[in-house]
Amino acid sequence: MSAKYSFTLTSQDRRRELPERIFIGRDVTETPAHVLLKLFAFLLFYRPRLQLGPNLHNDNIPFVPDLVELDYELRPRLWIECADCGTGKLNKLAVKVPEAEIWVMKRDPADTEFLLRAMAREDLRRNRYQILTLDAEMFTEALGLLQTRNEILWVTGEFEPPELQLDFNGLWFDAPFTVTKF
């Protein structure tokens, strides 16, 4: 790990009992933007069994997810990739984790469009992937606020309509996001 970020979480969303604190490590190949995407994925998709970057110890699945939720038989039910994720990996995930929802988190519409074109060009399976694209302006502003120690007041994150509300290190964010199915 080249850096570790801590996030103190407070939730006002009664349906989302977030833990008091989480830590997100950053490997040497990851950027602060990758860390922030993992944070937003954790907040938006939070469930009690959601894990950040675990080693699955499964020879059939040679990948380490950014976030994953395992069922009671330790099979992935939810798999989330953040930032750059190649089409080759996504194609293999569709086979290796057939029962899992596969999500990709993107920081802006340009990144999403690039990925969608690549997925279509490589003829990836349809109706298998979902891409969550954050508001570019909101993401850039939040990235500028990211520190090694962070405070978050989570208010809401809804998929219908797609929007999130939170206070991140003293700055209020109320932003839409988009979900694209492929």
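Structure: above.
Residues numbered from 1 in each chain as written. Predicted model: local features only at pLDDT ≥ 70, side-chain atom pairs only at ≥ 80, totals over all residues. Heavy atoms only, no water.

S.K.: Please give an account of the sheet that holds strand S9 (residues 162-168) that cites residues and values.
M.R.: Spatial ordering of the open sheet is given by S2-S1-S8-S9-S10-S7-S6-S5-S4-S3, a layout of 10 strands whose pairing is mixed. The open sheet has two edge strands, strand S2 (21-26) and strand S3 (50-52), and neither has a second partner. If you compare each strand with its neighbour and ignore which way they point, the axes differ by 25 degrees on average. Examined bridge by bridge, strand S1 (residues 3-11) and S2 share 6 bridges and lie antiparallel to one another. (Pairing = 2+ DSSP bridges. Helix = DSSP H or I, 4+ residues; strand = E, 2+ residues; numbered from the N terminus. Axes fitted to C-alpha atoms, helices over the stretch in contact; angles between N-to-C directions.)

S.K.: Summarise the packing of helix H1 (residues 32-45) against helix H4 (residues 136-145); cite the residues concerned and give the values.
M.R.: Interhelical geometry of H1 versus H4 gives an angle of 110 degrees and a closest axis separation of 10 Å. Classified by the angle between their axes, H1 and H4 sit roughly perpendicular to one another. For H1 against H4, the interelement crossing comes out right-handed. Here Pro32, Ala33, Leu36, Leu37 and Phe40 of H1 lie close against H4, whose contacting residues are Met138, Phe139, Ala142 and Leu143. A per-class count over the contact of H1 with H4 returns 9 nonpolar, no polar and no charged. (Parallel < 35°, antiparallel > 145°, perpendicular 65-115°, else oblique. Left-handed = near helix turned anticlockwise from the far one by under 90°. Contact = heavy atoms within 4.5 Å. Nonpolar A, V, L, I, M, F, W, Y, C, P; charged D, E, K, R; others polar.)

S.K.: With reference to specific residues and values, describe the side chain of His34.
M.R.: Along the chain, the position of His34 falls in helix H1. A polar side-chain atom of His34 sits 3.1 Å from a polar atom in the side chain of Asp66. The contacts of His34, once residues within four sequence positions are left out, are Asp66, Cys82 and Ala83. (Polar contact = N/O pair within 3.5 Å; in protein donor to acceptor, adjacent residues only side chain to side chain.)

Honestly, it's all geometry; don't read function into it.
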